[in-house]
Structures are given as C-alpha cells and as structure tokens.
Amino acid sequence: MSTAGLHDLLIQPFADFGFMRRAIVGCLALSLGAGSLGVVLRLRRMSLVGDAMSHALLPGVALGYLFWGLSLPAMTLGGLGAGLLVAAVAGAVTRLTGEHEDASFAAFYLISLALGVLLMSLRGSNVDLLSVLFGSALSLDDPTLLLASAIATLSLVGLAAIYRPLLVECVDPGFLRARAWQGWATQALFLLLLVLNLVGGFYALGTLMAVAFLILPAATARLWLRSVAGQMAVAAAVGLVASLAGLLLSFHLGTPASPAIVLTAGALYAASLLVGRYGSLRERLRHHLSSASVQAQTRSA
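It should be emphasised that the depicted structure is a prediction, and the values quoted were computed from it without experimental measurement. (Residues numbered from 1 in each chain as written. Predicted model: local features only at pLDDT ≥ 70, side-chain atom pairs only at ≥ 80, totals over all residues. Heavy atoms only, no water.)

Some details on the overall build of the chain
Helix and strand counts for the chain come out as 14 helices and zero strands. Along the chain, from the amino end to the carboxyl end, the secondary structure elements read α-α-α-α-α-α-α-α-α-α-α-α-α-α. Since a compact globule built from 301 residues should have a radius of gyration of about 19 Å, the 21 Å found for the chain is in line with a globular shape. Counting only C-alpha atoms and orienting by the principal axes, one finds that the chain spans roughly 80 × 65 × 30 Å. When contacts within the chain are restricted to residue pairs at least 6 apart in sequence, long-range pairs at least 24 apart make up 75% of them. When the accessible surface of the chain is totalled, it reaches about 15000 Å², and 69% of it is carbon and sulfur. (Helix = DSSP H or I, 4+ residues; strand = E, 2+ residues; numbered from the N terminus. Rg over C-alpha atoms; globule rule 2.2 N^0.38 Å. Contact = heavy atoms within 4.5 Å. Areas by Shrake-Rupley, 256 points an atom, 1.4 Å probe, with all protein chains shown as cover.)

A word on the packing of helix α2 (residues 18-43) against helix α11 (residues 212-222)
When two helices pack together, their arrangement is given by the angle between the helix axes and by the axis-to-axis distance. In the contact formed by α2 and α11, the axes pass within 7 Å of each other and the chain directions differ by 65°. For the element pair α2 and α11, the recorded crossing hand is right-handed. Contacts between α2 and α11 involve Cys27, Leu30, Ser31, Ala34, Gly35, Leu37, Gly38, Val39, Leu41 and Arg42 from the first element and Phe213, Leu214, Ile215, Ala218, Ala219 and Arg222 from the second. Taken together, the residues of the contact of α2 with α11 sort by class into 11 nonpolar, three polar and two charged. (Axes fitted to C-alpha atoms, helices over the stretch in contact; angles between N-to-C directions. Left-handed = near helix turned anticlockwise from the far one by under 90°. Nonpolar A, V, L, I, M, F, W, Y, C, P; charged D, E, K, R; others polar.)

Here's the deal with helix α13 (residues 257-275)
Here α13 contains 19 residues, and its C-alpha end-to-end distance of 27 Å stays within 8% of the 27 Å for a straight helix at 1.5 Å per residue. For α13, the full list of buried residues reads Ala257, Ser258, Ala260, Ile261, Val262, Thr264, Ala265 and Ser272. (Expected span 1.5 Å × (residues − 1). Buried < 20%, exposed > 50% of the residue type's maximum accessible area, 1.4 Å probe, protein only.)

Thoughts on the packing of aromatic side chains
As enumerated under the stated definition, the model contains four aromatic pairs in all. Note on phenylalanine 17 and phenylalanine 251: the rings are 5.4 Å apart at their centroids and 50° apart in plane angle, and the pair reads as tilted. On the criterion of sequence distance, the pair formed by phenylalanine 17 in the loop between α1 (3-16) and α2 and phenylalanine 251 in helix α12 (residues 228-253) is long-range, its members being 234 residues apart. Assessed through its relative accessible area of 33%, phenylalanine 17 is described here as partly exposed. (Phe/Tyr/Trp six-rings, centres within 6.5 Å; stacked < 30°, edge-to-face > 60°.)

Topic: the packing of α12 against α13
Interaxial distance between α12 and α13 falls to 7 Å at its minimum, and their mutual angle equals 130°. It follows from the interaxial angle that α12 and α13 lie oblique. Note that α12 runs across α13; the crossing there is right-handed. Residue-level inspection shows Val238, Val241, Ala242, Ser243, Ala245, Gly246, Leu247, Leu249 and Ser250 of α12 in contact with α13, the latter providing Ala257, Ala260, Ile261, Thr264, Ala265 and Leu268. (Parallel < 35°, antiparallel > 145°, perpendicular 65-115°, else oblique.)

Topic: α2
Given 3.6 residues per helical turn, the α-helix brings residues three or four places apart onto the same face. Here α2 spans 38 Å end to end across 26 residues, near enough to the 38 Å set by a 1.5 Å rise per residue. Along α2, the helix axis deviates most sharply at alanine 34, where the bend reaches about 30°. Two residues or fewer past α2, arginine 45 is found with a positive phi of approximately 55°. (Bend = angle between axes of the 7 residues up to and from the residue.)

Side note on the nonpolar core
Within the largest apolar cluster, 69 residues are counted, with the highest numbers of intra-cluster contacts made by Met53, Phe190, Leu198 and Leu247. Looking at this core, the element that brings in the most residues is helix α10 (residues 180-209), giving 12 residues. Setting aside residues up to four positions removed in sequence, leucine 247 forms contacts with Phe14, Met20, Ala23, Ile24, Ala137, Leu138, Ala257 and Ile261. (Core = buried A, V, L, I, M, F, W, Y, C linked by side-chain atoms within 4.5 Å.)

What about the environment of valine 132?
Within the fold, valine 132 resides in helix α7 (residues 126-134). With relative accessibility at 3%, the residue valine 132 sits in the buried group. Valine 132 sits 120 residues away from histidine 252 along the chain, and the two C-alpha atoms are 24 Å apart. Residues within four places of valine 132 in sequence aside, it is in contact with Leu58, Val61, Met75, Met120, Phe202, Gly206 and Thr207.

Concerning the pattern of salt bridges
Evaluated as defined, the whole model comprises two salt bridges. Residue arginine 286 pairs with glutamate 283 through a salt bridge whose shortest N-O separation is 2.9 Å. Taken as a pair, arginine 286 and glutamate 283 lie in helix α14 (residues 281-300) at a separation of three residues, close to a single helical turn. Note on arginine 286: relative accessible area 47%, which makes it partly exposed. Through salt bridges that share partners, Arg282, Glu283 and Arg286 make up one connected network. (Salt bridge = Lys/Arg side-chain N within 4 Å of Asp/Glu carboxyl O.)

Focus: the environment of leucine 263
Looking at the element boundaries, leucine 263 is found in helix α13. Along the sequence, leucine 263 and leucine 216 sit 47 residues apart, while their C-alpha atoms lie 9.9 Å from each other.

What about the confidence of the model for the chain?
Regions with low pLDDT carry predicted coordinates that are not meant to be interpreted in detail. Averaged over all residues, the pLDDT of the chain equals 84, while 91% of them reach at least 70. Mean pLDDT across the elements of the chain ranges from a minimum in α7, with 68, to a maximum in α12, with 94. (pLDDT = per-residue confidence, 0-100.)

Observations concerning the side chain of threonine 144
Among the secondary structure elements, threonine 144 is positioned in helix α8 (residues 142-161). Those residues in contact with threonine 144 that lie beyond four places of it in its chain are Leu72 and Tyr203.

Laid out in structure tokens, this is it:
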C-alpha cells in the first residue's frame, strides 16, 4: 500500500474529524488510569467484582438522567454514588453474614441492573437506554474529556499512594485486615478509584462494557510480562492500541465504535493467549515438547 493510502487509512480520519480526535484522547485517558488499576484488580482476583460494579452504576446514572436529563455532573455523581453504595452494602453483607464477596456483588449487580433499566424506561426512549447501556466513544465532548483526564490523574496518583500495601495484600490476604484503619483506608481508596474509572468508562463504552478497559488490557499484559510495573505499562499500551484500531475499524466499516474497541481488545487478548511469553498455548506446547524430549533422552540413556 502506498504512503498516501496509509495516510488515508490511518491518519486522515483523525486529521479531518474532531469527534475522532476527542474519542482517541478520551480512550487514552481511560487506558492510562484503568490499565494500571486493572492489573491490581486481577492480582487481587477481583475481576468479576469489577464487572459487577460496572453494572451497579446504572441506577445512579438513571436517576441523574430522570431528574436532570443528559447532564454530565448529575449522571456522574449519580453513577459514583450508586457504585460506592453497592460496594459498601455488598461488603457489609459479606462481613455480617459470611456470604462470599463475589456472590453478594453478583446479587446486587442484578438488582442494580434491573432497577436502572426500570428507571430509564420511566422517561427515556429506547435510544437513550441503548446509549446508557452501550455508550458511544464517538460522542465524547470536551467536558467529558476533562472528566476522563481528571479520573486518570487521580487514579495514577491514588494508586501510587497505596501501591505497596495493595501488592502485599495480594500475597497475604490478611495483611490489610490486620492494619486496622490503614487497611480500611486503603480498601476504601481502591474501591473509590475503581468506581471512578467505571464512571469514566461508562461514557465511552456504556455500563455494560465499562469494565473492558480494566479487564482485557490487564489480562493481555499478564501473558507478556511478570513484573507488576511492566504489566501496568503494557496494559495501558494495549488499551490505547485497541482504542486506535477499534475507532479506525468503526470509521471505515461504519460499525458502532464501542463494541469495535472492545472486540479489538479481545482479539489482542486472544492472540496473546496463543503466542504470549507466559502461560500461552505456545509456551505450554514448548514446555510439553521439552519435557517429552528430556524423558526420551532419559529412557535412551
């Protein structure tokens, strides 16, 4: 393909259209904040909790929409409040009843999702409901970009502040519980950062796919690097590449942008499962062949 052809394919959509530039800037901010947080989320084995939390935003978002329409502050504060409330209630149920954390989060996720859809149906149209559920990366405006940038900044600064205790807790699950108020503060800040990133992801991917920037890049990074810091860098890069490729696919093929971004991230994860450096099918096959060779040499000797 000629240089002009590559320019038309890769550069021109962003050069000619402001909505494409805003979309990639917003996705870059989300990738930086959510990618690092997703690595810690995976290490703490809370990926399904993150998925449940993303759906828990819906009632708050729906209430904001019900009373104030498509107001960025109202929907943001509503989603943030609903997410924190569900996290607090699910945590309290786990501590007071002995119910497993994933089970309590799953229960409240289903209740929240149903309640949010009901509230949206009281005023909104099917188009409004689909917009809230699936988002639209191509409709990001300047205030939303400022919100996404602020969330990314707070996420990186906050994660740096609690980085060490979080990693220790991944090895010793009882560490934070033994640290009294320091452990509680670390857990609270981590959940706050999680909800903030889900709120940011909601505007680009909707409540049903907001968790994608947290889960898929982190899962892909694990297959290439062992160090936590390295995984965070790779996760951010994967999120950006998936966003760039997904937006270009959406532009040239006329498909919705948000599913295209998530599917591209899924394709990168699938490719890493096949050829990644650690835990991939290629590595397992190489290890199997190496073991078989050693056994054959031992028998011949």
